[in-house]
Each structure stands twice: as C-alpha cells, then as structure tokens.
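Report on the structure
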Amino acid sequence: MGNITLVVGGQFGDEGKGKLVDVLSAQTRVVARYQGGANAGHTIIVDGTKYVLHLIPSGILHEGVVNVLGNGMVIHPQSLIDEMAHITKAGFFISPDNLKISESAHVITDAHITEDKVAGGKIGTTGRGIGPAYRDKVARSGMRMRDYVEGNHQWSEQLKRFVTNTTALIHEARKTGDILIEGAQGTMLDIDHGTYPFVTSSNCSAGGACTGLGLGPKHISHIYGVFKAYLTRVGNGPMPTELTDSIGELLREKGKEFGATTGRPRRCGWFDAVQARYSVMINSMDKLLITKLDVFDGMKEIKLCTEYRETGKLYPLHGLDRVSPVYETFPVWPGTVRGVTQYDKLPSEAKKYLRRIEEVVGIPIFMISTGPDREETIVV
Ligand code: IMP
C-alpha cells in the first residue's frame with residue numbers, strides 16, 4: 001500500500017500550499033483536491049514563470065501524475081475549460097489519463113455566480129458561486145458532473161471523457177503508489193471549524209479530505225499543515241493579530257499579499273500561535289510547513305502571538321473579535337534568507353524564531369520555504 005499524505009492550510013488560505021504540493025508532487029502518482037472550487041488560487045513558479053491554478057491540482061505541472069478533482073468540489077464547467085486551455089497553452093499536456101473529474105462533484109452554474117456576486121458582499125466572498133452551489137448540494141437540488149456531461153450543456157462533450165468514479169480510482173491507486181491530497185483555502189475558513197459566518201462553504205480541514213474523496217480517516221498516513229511565517233486574511237471576519245499600521249503595509253508589499261483569484265489586498269498580521277494550535281488540533285497535523293520566511297528580510301523585528309490576554313492558550317470561536325494578543329518579540333537577521341536550501345545555513349535569529357514556533361505550536365517543522373521558486377525550499 002502507498003502512503004496518503006494530506007497538505008492542509010493551517011490559517012486563512014493563501015499559505016503557499018500550491019508551491020509545496022508542487023514540490024511534493026514530484027514523488028507521487030496521484031494529486032487530488034477534495035473541496036472548494038475556483039475560489040482557490042494556487043500560485044506556482046517554475047524557472048521564473050508563474051502559473052496560477054484555480055481548479056486543477058498542482059500535480060498537472062509534473063509528467064506522469066494523475067490529477068483528481070474530487071466529489072467534494074464544486075466546478076464551473078466554463079472556468080475548468082478555460083483553465084485547461086491556459087495550462088495547455090503554457091506547454092503542459094492534459095488528457096483523460098492525467099486529469100480525472102469526479103462524477104459526483106457539483107456543478108456551479110452561471111446563476112450561482114451571479115447570485116454570489118450580489119449576495120456575497122457581507123462575507124467578502126470571491127464571487128465564484130461557491131456558497132450558492134454548496135447550498136443547492138445540501139438542499140439536494142444541485143446538478144452533479146455526471147448529470148452535466150450526460151445532458152445537453154455547453155461543455156458536456158468536451159468534459160465527458162474526464163468524468164469518472166474517482167473514489168474507485170483512488171482506492172485502486174493507493175494499492176500501488178503514493179497519493180498527495182491538496183487542501184484549498186484554510187482551516188479558519190472551514191464551514192464548521194472556522195470563523196463562521198466569515199468562512200467558505202466547504203470543509204477545508206482534514207475531515208473534508210475523507211468526505212470529499214471517499215476515504216476513511218485511517219487511510220490518511222501523514223497530515224502536513226502549511227502556515228505562513230506571519231498571517232494573512234482576505235475578506236471579512238475577525239483576525240486578532242491584524243496589523244493596520246505601516247508594518248502591516250510593509251508585509252503586504254514585501255510579501256506581495258494580493259489575492260491570486262480576486263487581486264484584493266490581503267489583511268496582514270503576526271503569526272498567531274493560539275490559532276495555529278487550534279488548527280493543529282482540528283486537523284491532527286503531524287508536521288508544519290512554514291512559508292515566506294524571506295519576507296522578514298530587512299525588517300526590524302518579528303512578533304509572535306503566544307496567548308490571548310482574555311483566554312490564555314484557548315482559541316475562542318465565539319468572541320474572537322474581543323481578544324487581545326500577547327506577543328513575544330524577535331530580532332530580524334541581518335542580510336537575507338532568500339533562496340537558502342539548508343537549515344544549517346539559516347541565520348541564528350531565523351532558527352530561534354522557527355524553534356519558538358515549534359515549541360508554542362507543539363509539532364515539528366518539516367519544510368521551510370525561502371522564496372517563491374520550486375528550488376527555494378529547505379527540507380528539515
Ligand atoms: P467564497 O469561498 O468565495 O465563498 O468566500 C468566502 C470567504 O473565503 C471569503 O472571505 C474569501 O475571501 C475567502 N476565500 C475563499 N477562497 C479563498 C482562498 O483560496 N484563499 C483565501 N481566502 C479565500
């Protein structure tokens with residue numbers, strides 16, 4: 001039996017999962033997505049060229065990897081067709097052999113998108129029709145991909161060859177090789193465990209990987225949580241460590257914190273270990289992947305929130321807008337960590353900050369990203 005590894009967003013999405021899934025994809029046979037739709041925007045940079053994927057797993061950039069869009073996803077056929085064309089134009093090959101769409105994934109219609117654009121303002125949605133499509137799924141009035149391709153719809157013929165029973169495929173594939181599962185968004189946007197109602201409409205956390213692909217909890221071998229070295233959030237909702245001053249502005253500029261899907265500026269703040277501990281617990285994470293460490297280059301100091309004054313180590317899902325963070329302060333290293341590929345080569349100040357994250361979050365770091373390119377990665 002192969003291993004099944006799950007990569008899940010530990011914060012509010014945009015943690016850099018796409019890059020890390022891309023790095024890990026080189027060693028796997030199947031990469032699968034289990035929830036969400038084109039609200040996600042996974043940015044991957046290969047040899048200086050940037051690719052943004054919304055629906056198709058990052059494994060599509062590797063030869064010989066089978067990419068699965070699981071039953072838990074919601075798919076707008078036109079957007080999928082456009083994305084396939086975009087990837088093909090960039091020189092990557094797509095066929096029914098390397099792209100498989102679950103026959104049970106739900107369809108996002110144009111009416112869902114129109115509705116979301118009007119009604120999604122309060123939450124600050126991406127306007128991709130996600131909420132209305134999941135609502136129809138739960139109300140048992142949605143359309144599934146099998147119904148779509150067997151009906152007489154605009155893209156039925158083009159997509160038919162890709163639509164299949166992906167649950168059977170995954171269980172067959174795990175007999176002989178490794179599978180990588182790619183989460184979209186992040187734990188704090190989970191419909192059940194996030195900051196409701198300021199969440200997305202799917203289970204982004206680890207539980208969603210089981211329902212969204214037809215796996216049992218015991219099938220998953222490793223769960224890696226991806227966290228930025230600081231924190232960002234797009235859209236509305238509480239964020240206790242948010243920085244509304246010039247330091248927040250600096251993080252946004254240096255980290256290029258603008259949405260990959262909507263272009264909106266992301267709210268920036270310090271790493272919140274109270275939130276991270278909650279995320280580790282909800283997902284039963286084994287290891288941490290820390291991204292964007294290089295964004296701190298040239299800054300004066302870093303703060304790390306270890307507790308909230310009102311609740312201590314407890315992350316309160318109700319009343320999160322009323323807590324005040326307690327911080328520890330760390331000096332930033334001289335020079336740069338950009339492109340460092342060995343842990344030993346990191347400056348002592350960077351190691352001190354990372355070690356403290358491990359201590360307060362309670363699990364070890366497995367990988368660190370020191371720049372956007374595939375190569376700019378440390379495996380610890
Ligand atoms: P929706 O998923 O479009 O319904 O948006 C609901 C909330 O999730 C909004 O706050 C969005 O900004 C946020 N969101 C959705 N997808 C992503 C993502 O991929 N990264 C970060 N935030 C996201």
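Residues numbered from 1 in each chain as written. Predicted model: local features only at pLDDT ≥ 70, side-chain atom pairs only at ≥ 80, totals over all residues. Heavy atoms only, no water.

What to know about unusual backbone geometry
- The omega torsion of the bond from Tyr196 to Pro197 falls at 5 degrees, within 30 degrees of zero and hence cis.
- Here Pro197 shows up in the loop between strand E10 (179-182) and helix H8 (206-211).
- One non-glycine residue, Asp47, lies in positive phi territory at about 50 degrees.
- As for its placement among the helices and strands, Asp47 is situated in the loop between strand E3 (42-46) and strand E4 (49-53). (Helix = DSSP H or I, 4+ residues; strand = E, 2+ residues; numbered from the N terminus.)

Some details on the side chain of Glu376
- Tracing the backbone shows Glu376 in the loop between strand E18 (365-369) and strand E19 (377-379).
- In terms of polar contacts, Glu376 uses its side chain to reach the backbone amide nitrogen of Asp373, at 2.9 Å.
- Among all residues touching Glu376, those that are not within four sequence positions of it are Lys19, Arg338, Gly339, Ile368, Ser369, Thr370 and Gly371. (Polar contact = N/O pair within 3.5 Å; in protein donor to acceptor, adjacent residues only side chain to side chain. Contact = heavy atoms within 4.5 Å.)

Describing the environment of Thr88
- Of note, Thr88 is situated in helix H2 (residues 77-89).
- Residues Thr88 and Gly129 lie 41 residues apart in sequence; the distance between their C-alpha atoms is 25 Å.

Describing the site of the ligand
- Taken together, the neighbourhood of the ligand is formed by 16 residues, with Asp14, Asn39, Thr126, Thr200 and Arg264 sitting nearest.
- In the model, a nitrogen atom of the ligand is placed 3.3 Å from a nitrogen or oxygen of the Gln185 side chain.
- Measuring from an oxygen atom of the ligand, one finds a side-chain N or O atom of Arg264 at 2.9 Å.
- Of the residues assigned to the shell around the ligand, the class counts are seven nonpolar, seven polar and two charged. (Near = heavy atom within 4 Å. Nonpolar A, V, L, I, M, F, W, Y, C, P; charged D, E, K, R; others polar.)

Details of the sheet that holds strand E11 (residues 222-228)
- Taken together, ten strands build an open sheet; the order of strands is E9-E7-E5-E2-E10-E1-E11-E15-E18-E19 and the sheet is mixed. Looking at the sheet topology across the chains shown, the edges are occupied by strand E9 (163-164) and E19.
- Pairing of strand E5 (residues 66-69) with strand E7 (residues 99-102) involves three bridges; the strand directions are parallel. In the sheet register, Asn67 faces E7, and the bridge partner there is Leu99. (Pairing = 2+ DSSP bridges.)

What about the nonpolar core?
- Counting residues in each nonpolar core, the largest one holds 56 residues, and the members touching the most others are Phe271, Leu293, Phe296, Tyr353 and Val361.
- Among the elements that make up this core, the one with the highest residue count is helix H11 (residues 348-361) (six residues).
- What Phe296 contacts, discounting residues up to four positions off in sequence, is Ala229, Tyr230, Leu251, Trp270, Ile302, Val332, Trp333 and Tyr353.
- Within the second largest apolar cluster, 29 residues are counted, among which are Leu53, Ile56, Met73 and Val107. (Core = buried A, V, L, I, M, F, W, Y, C linked by side-chain atoms within 4.5 Å. Buried < 20%, exposed > 50% of the residue type's maximum accessible area, 1.4 Å probe, protein only.)

Any functional reading would require information beyond the geometric quantities listed.
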